[in-house]
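Structural characterization, general
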Amino acid sequence: MTWTTLQTALADQGYIASGDLAMALHLSLTLGRPLLLEGAAGVGKTEVARVLAAVQDTQVIRLQCYEGLDASQAIYEWNYQRQLLAIRAASEDGETGKSVEARIFSDEFLLERPLLKAIRQPIAPVLLIDEIDRADEEFEAYLLEVLSEFQITIPEMGTVSATTRPIVILTANGTRDLSDALRRRCLYAHVPYPDHETELSILVARRPEIEDRLCAQIVGFVQALRKQDLEKKPGIAEMLDFAAALMGLGVADLTTDPAVLQATLTTLLKTQTDRDAISTEIAQRLAGKAA
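Everything quoted here is computed from the prediction, not taken from an experiment.

**Details of the overall build of the protein chain**
Per the secondary structure count, the protein chain includes 15 helices and nine strands. Expressed along its principal axes, the backbone C-alpha trace of the protein chain runs to roughly 80 × 45 × 35 Å. Counting over 291 residues, the protein chain shows a buried share of 45%. Restricting to contacts in the protein chain with at least 6 residues of sequence separation, those with at least 24 account for 72%.

**Side note on unusual backbone geometry**
As a rule of thumb, non-glycine residues mostly have phi less than zero, and peptide bonds are mostly trans rather than cis. Even without being glycine, Glu 131 reaches a positive phi, approximately 60°. According to the relative accessible area criterion, Glu 131 is buried, its value standing at 18%. Even without a glycine there, the phi angle at Phe 150 is positive, about 50°. Residue Phe 150 is classed as buried on the basis of its relative accessible area, which comes to 2%.

**What about the packing of aromatic side chains?**
Two aromatic rings, taken as a pair, are described by how far apart their centres are and by the angle between their planes. Counting across every chain of the model gives three aromatic pairs. Aromatic side chains Tyr 76 and Trp 78 sit 6.3 Å apart centroid to centroid with 80° between the ring planes, which places their arrangement in the edge-to-face category. Comparing Tyr 76 with Trp 78 shows no difference in burial state: the two are buried. Geometrically, the ring pair formed by Trp 78 and Phe 105 is edge-to-face, given 5.1 Å between the ring centres and 80° between the ring planes. Placement of Trp 78 in strand S3 (residues 76-78) and of Phe 105 in the loop between helix H6 (98-104) and strand S4 (110-112) is noted, with a sequence separation of 27 residues between them. In this structure an aromatic cluster arises from ring pairing among Tyr 76, Trp 78 and Phe 105. Sitting over the ring of Phe 109, Arg 82 keeps its end group 5.0 Å from the ring centre.

Rules used in this analysis
- Residues numbered from 1 in each chain as written.
- Predicted model: local features only at pLDDT ≥ 70, side-chain atom pairs only at ≥ 80, totals over all residues.
- Heavy atoms only, no water.
- Helix = DSSP H or I, 4+ residues; strand = E, 2+ residues; numbered from the N terminus.
- Buried < 20%, exposed > 50% of the residue type's maximum accessible area, 1.4 Å probe, protein only.
- Contact = heavy atoms within 4.5 Å.
- Phe/Tyr/Trp six-rings, centres within 6.5 Å; stacked < 30°, edge-to-face > 60°.
- Lys NZ or Arg CZ within 6 Å of the ring centre and 35° of its normal.

Structure (structure tokens):
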């Protein structure tokens, strides 16, 4: 598969990828290297992993990162309750020693978390490590072993090497700077907000029932809204929600009913400060320019 056929395959799944992103994905697949995607929240970074999994006919295994994430939540942990019950049962049967230890530290009592699960799949999955910049630097350092060797060390069982190498997609929103060591192990692509033509293509692909004129108005309005001084700029998902809301209300023109337009901003503006900043008059002005 070339990068252009990959771009077409993504489009067939409803994801309109730029040439740069399609090339980065192609190289990641060809070289077997993790791909780090950076960009503002809402530009479609997470969706890349889901659509790529559909193209590759495999599953997505997602690790959602957050502050305080540790190995037991990301890699594996033991089922302590079952282990205690097994020890108690063994004791009642007179079984002790290494045979009990070997049994309780086996696959039967191992709880796979996303990283371990991803490297033990018979068919390579897409491993989505979402918002890696929200995790602590200590966890990021531990992650390097997985990304470098695709193996995990479990003290009680030894080293578990990958059955298949997962397709790894990491996303980051710029919450903190990532280490040079992590960046060196990854290919890189920046995912910006789409330009007018690309976003229009996304809307047409996802909502083909909307008339062309209204599609153009929606995209023009949302893109103008992003240029305002907002705390949280609306992403692609919000744009699609906005379009769905307009369709549900039977709106055919953004400039027809200012009250309805203002009400539907609840799909685009997600803080009270932003809602206060975009008055009915401003919304109408932006809608007029988009018409």
